[in-house]
Amino acid sequence: MLVGIALLASVSLLSSQPPTHITRVASQLLSGDWTEVMHIVERKLEMNLRLIRISVWSRVFVVSLLVLGLLALRSDKYLRHFASDYPLLVKGFSGVIAGSLAGLLLNDSGIITAATCIIYLVVPTLYTALCEPVEERYSSS
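Residues numbered from 1 in each chain as written. Predicted model: local features only at pLDDT ≥ 70, side-chain atom pairs only at ≥ 80, totals over all residues. Heavy atoms only, no water.

Structural notes on the overall build of the chain
Step number 1: Within the chain one finds 8 helices and 0 strands.
Step number 2: Along the chain, helices (α) and strands (β) appear in the sequence α-α-α-α-α-α-α-α when read from the amino end.
Step number 3: Split into buried and exposed, the 141 residues of the chain put 24% on the buried side.
Step number 4: Residue pairs in contact within the chain that sit at least 24 positions apart in sequence constitute 66% of those at least 6 positions apart.
Step number 5: When the accessible surface of the chain is summed, it comes to about 9700 Å², and 70% of that surface belongs to carbon and sulfur atoms. (Helix = DSSP H or I, 4+ residues; strand = E, 2+ residues; numbered from the N terminus. Buried < 20%, exposed > 50% of the residue type's maximum accessible area, 1.4 Å probe, protein only. Contact = heavy atoms within 4.5 Å. Areas by Shrake-Rupley, 256 points an atom, 1.4 Å probe, with all protein chains shown as cover.)

Concerning helix H4 (residues 56–73)
Step number 1: For H4, with 18 residues, the first-to-last C-alpha span of 26 Å sits near the 26 Å given by 1.5 Å per residue.
Step number 2: Residues of H4 that are buried: Ser-58, Phe-61, Ser-64, Val-67 and Leu-71.
Step number 3: Elements in contact with the buried residues of H4: helix H3 (34–54), helix H5 (76–85), helix H6 (87–106) and helix H7 (110–131). (Expected span 1.5 Å × (residues − 1).)

Quick word on the packing of H5 against H6
Each pair of packed helices gets described by two things: the angle between the helix axes and the distance between those axes.
Step number 1: As a packed pair, H5 and H6 sit with axes 5 Å apart at the nearest point and diverge in direction by 100 degrees. Taken as axis vectors, H5 and H6 run roughly perpendicular relative to one another. Judged by residue contacts, Phe-82, Ala-83, Ser-84 and Asp-85 of H5 engage Pro-87, Leu-89, Val-90 and Phe-93 from H6.
Step number 2: Grouping the amino acids of the contact of H5 with H6 by side-chain chemistry returns 6 nonpolar, 1 polar and 1 charged. (Axes fitted to C-alpha atoms, helices over the stretch in contact; angles between N-to-C directions. Parallel < 35°, antiparallel > 145°, perpendicular 65-115°, else oblique. Nonpolar A, V, L, I, M, F, W, Y, C, P; charged D, E, K, R; others polar.)

A closer look at the packing of aromatic side chains
Step number 1: Applying the stated criterion to the full structure yields 2 aromatic pairs.
Step number 2: Ring geometry for Phe-82 and Tyr-86: centres 5.5 Å apart, planes at 45 degrees, overall tilted.
Step number 3: On the basis of relative accessibility, which here comes to 9%, the residue Phe-82 falls in the buried class.
Step number 4: According to the relative accessible area criterion, Tyr-86 is partly exposed, its value standing at 35%.
Step number 5: When the centroid spacing of 6.0 Å and the interplanar angle of 10 degrees are considered together, the rings of Phe-82 and Phe-93 count as stacked. Pair noted here: Phe-82 is in helix H5 and Phe-93 is in helix H6, with a separation of 11 residues, a long-range link.
Step number 6: Clustering of aromatic rings is evident, with ring pairs tying together Phe-82, Tyr-86 and Phe-93. (Phe/Tyr/Trp six-rings, centres within 6.5 Å; stacked < 30°, edge-to-face > 60°.)

Description of the nonpolar core
Looking at soluble globular proteins, one finds that nonpolar side chains tend to be buried together.
Step number 1: Counting residues in each nonpolar core, the largest one holds 15 residues, and the members touching the most others are Phe-61, Ile-118, Leu-121 and Val-122.
Step number 2: Broken down by secondary-structure element, the contributors of at least two residues to this core are H4, H5, H6 and H7.
Step number 3: Tallying contributions element by element places H7 first for this core, with 7 residues. (Core = buried A, V, L, I, M, F, W, Y, C linked by side-chain atoms within 4.5 Å.)

Looking at the pattern of salt bridges
Step number 1: All told, the structure shown has 2 salt bridges when counted by the stated rule.
Step number 2: Of the charged contacts, one joins Arg-43 and Asp-108 as a salt bridge, the two residues approaching to 3.3 Å between their closest N and O atoms. Of this pair, Arg-43 sits in helix H3 while Asp-108 sits in the loop between H6 and H7, placing them 65 residues apart in sequence.
Step number 3: Note that Lys-44 and Asp-108 form a salt bridge whose closest N and O atoms lie 2.9 Å from each other. With Lys-44 in helix H3 and Asp-108 in the loop between H6 and H7, this residue pair connects regions lying 64 residues apart in the sequence.
Step number 4: When its relative accessible area of 18% is taken as the criterion, Lys-44 is described as buried. (Salt bridge = Lys/Arg side-chain N within 4 Å of Asp/Glu carboxyl O.)

Topic: H7
Think of an α-helix as 3.6 residues a turn; residues three or four steps apart then line up on the same face.
Step number 1: Taking 1.5 Å of rise per residue, the 22 residues of H7 would be expected to cover 32 Å, and the 32 Å separating its terminal C-alpha atoms lies within 8% of that figure.
Step number 2: Taken as a whole, H7 carries its principal kink of about 30 degrees at Ile-119.
Step number 3: Listed as buried for H7 are Gly-110, Ile-111, Thr-113, Ala-114, Ala-115, Ile-118, Leu-121, Val-122, Thr-125, Thr-128 and Ala-129.
Step number 4: Structurally, H7 contributes buried residues whose contacts are with H3, H4, H5 and H6. (Bend = angle between axes of the 7 residues up to and from the residue.)

Spelled out as structure tokens, the structure:
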């Protein structure tokens, strides 16, 4: 993810287009203007903390993390079968996680971005977990 951010900043700096937010931050980082960079970080944190307190999406994010945690606590047979039965889905989850983390870190309303992204991980995982009863699935293995 850090390589992607660095690549995006590099392309943005070399572009002849008008500067974007990323270009301005990259320029400030390269020039050592840490005061302005810290101001941006503080603003993002304040906005996310405000949204965590007032937005329903923060609850969606917490519930999604709890659901994922409970599914991870299930037998490791479940995770192995899940990975072998749905390999492309598991590979796609890495993109969902990367997008969720990038949104959380880079967006002013990161908690909302992360919550909406993580839904695409939780819903399919929960659906596959609830599709077949555990006793039927693993009794023959």
